[in-house]
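Next come the chains, spelled out residue by residue.
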Amino acid sequence: ERDALAAFKGIVPKLADGTVIEVAANIGSLEEIEAAQEAGAMGVGLFRTELLFMRHMHLPSEDMQAETYGALARAFAPHPVIVRTLDIGGDKPVAGVEFPDEENPFLGWRGIRMCLDRPDIFKRQLRALLRAGIHGNLKVMLPMVSDIGEVRRTKILIDECATELARESVPFTRFDLGVMIETPAAVLIAPMLAKEVSFFSIGTNDLTQYVMAADRLNPTVANLNDVTNPAVMAAIEMTVNAAKAAGIMVGMCGEAAGRPDLIPAFIRMGLTELSMSPASIPRAKKRIAELTAEAG
Ligand code: PEP
Ligand code: MG
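Residues numbered from 1 in each chain as written. Chains lettered and ligands numbered in written order. Predicted model: local features only at pLDDT ≥ 70, side-chain atom pairs only at ≥ 80, totals over all residues.

As recorded by an unreviewed UniProt entry, the protein chain carries the name Phosphoenolpyruvate-protein phosphotransferase and is attributed to Manganibacter manganicus.

Counting its regular elements, the protein chain contains 13 helices and 8 strands. Compactness check: the protein chain gives a C-alpha radius of gyration of 19 Å against a globular reference of 19 Å for 296 residues, within 12% of the reference. Of all 296 residues assigned to the protein chain, the portion counted as buried reaches 44%. Partitioning the intrachain contacts of the protein chain with sequence separation of at least 6 by distance along the chain shows that 68% fall at a separation of at least 24. (Helix = DSSP H or I, 4+ residues; strand = E, 2+ residues; numbered from the N terminus. Rg over C-alpha atoms; globule rule 2.2 N^0.38 Å. Buried ≥ 20, exposed ≤ 12 C-beta atoms within 10 Å, placed from the backbone. Contact = placed C-beta atoms within 7 Å.)

Looking now at unusual backbone geometry. Ala 77 connects to Pro 78 through a cis peptide bond whose omega is 5°. As for its position among the elements, Pro 78 is in the loop between helix 4 (62–76) and strand 3 (80–84). One non-glycine residue, Met 144, lies in positive phi territory at about 65°. Tracing the sequence through the fold places Met 144 in the loop between strand 4 (137–142) and helix 7 (148–167).

Quick look at the sheet that holds strand 3 now. Around the barrel, which closes on itself, the 8 strands sit in the order 1-2-3-4-5-6-7-8 with parallel pairing between neighbours. Across the sheet, the axes of successive neighbouring strands diverge by a mean angle of 25°, strand direction being ignored. With 4 bridges connecting them, strand 6 (residues 199–202) and strand 7 (residues 249–252) associate as parallel partners. What sits directly across from Phe 199, in strand 7, is Met 249. Packing of helix 11 (residues 230–246) onto the sheet brings it into contact with strand 5 (176–181), strand 6 and strand 7, and relative to strand 6 it is tilted by some 170°. (Pairing = 2+ DSSP bridges. Axes fitted to C-alpha atoms, helices over the stretch in contact; angles between N-to-C directions.)

A separate point is the UniProt feature "binding site: Mg(2+)" (unreviewed entry) in the protein chain. Feature annotation in UniProt assigns "binding site: Mg(2+)" (unreviewed entry) to the following positions: Glu 182 and Asp 206. Across 25 residues in sequence, these annotated residues keep their C-alpha atoms within 5.3 Å of one another, forming a single compact spot. Along the chain, Glu 182 falls in the loop between strand 5 and helix 8 (184–188). Judged by the 29 C-beta atoms lying within 10 Å of it, Glu 182 is buried. Residues in contact with Glu 182, not counting those within four places in the same chain, are Met 144, Gly 203, Asp 206, Leu 207 and Tyr 210. For Asp 206, the position within the fold is in helix 10 (residues 204–211). Among the residues examined, Asp 206 registers 22 C-beta atoms within 10 Å and is labelled buried. (UniProt positions renumbered as here; feature names shortened; annotations may be inferred.)

Next up on the list: the site of ligand 1. All residues adjacent to ligand 1 are Leu 46, Arg 48, Glu 182, Gly 203, Thr 204, Asn 205, Asp 206, Cys 253 and Gly 254. Mapped onto the shell around ligand 1, the elements with two or more residues apiece are strand 2 (44–48) and helix 10. No other element matches the 3 residues that helix 10 contributes to the shell around ligand 1. Class assignment for the residues of the shell around ligand 1 results in 2 nonpolar, 4 polar and 3 charged. (Near = placed C-beta within 6 Å. Nonpolar A, V, L, I, M, F, W, Y, C, P; charged D, E, K, R; others polar.)

The UniProt entry lists Arg 48, Arg 84, Asn 205, Asp 206 and Arg 216 under the feature "binding site: phosphoenolpyruvate" (unreviewed entry), expressed in the numbering used here. Relative to the assigned elements, Arg 216 resides in the loop between helix 10 and helix 11. Once residues within four sequence positions are removed from consideration, Arg 216 is found in contact with Asn 205, Gln 209 and Asn 225.

Encoded structure:
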């Protein structure tokens, strides 16, 4: 079975009409690059930057971040590498950030909310990403977006960073900006968000928890924490339709993206990028190839 799957590692999965489905990896450190490439990743659909911040006793410097994101972009060039800006909250503390005591950390000060309140931390990361862009096909996405203002304010910060780097004669290049769709609010304003950004990536782990109002870490409500619930599938389809109407790319980077039983439904909806843990990649590629064979 392993050998049978190995045959699919190197393929570029295409639909009957020629559309390429980008099968990418979710990773959180440079150490995982090799495993992702071995598995046949066509790029990185989600680079979680949390580990970089949680590993050390202090916040990572701009240089250290620029080096890390640059190495990542180089490793996969010309394929895209999507780096997610810092997505931490009270449940995942980081040295150098004072988190408030919260009754509901999953509904609290996390992701883009925290970053916008700490422009010192956020701008250091954005500057590092602008600098790293010269090394490959780097894209950036924002987690936990629930309001259009969060995207607009981030774009202003990116402009500020670019102006500063230019003034300092530091080489950089602009990146494509996207948002994760992982709150019901983001789904409901997806047509507006699509006018502000160049891609969506659906985060089904959080989207499921927030659509179903069921804590993703609470086993008592695990029955509700189900991506196949019609409410969650409807939210995914609404997001894809909004992206298609606006002509922007839409992918998925939650766990569901790697599920062979769901991949046919996602592809039928119109998703063109699926990002998953490296171990899921060969099987996902095989499933897409089967679909195309069936259609042909
Ligand atoms: C998600 O929420 O689906 C996701 C990909 O991000 P994380 O699991 O890191 O919250
Ligand atoms: Mg998430």
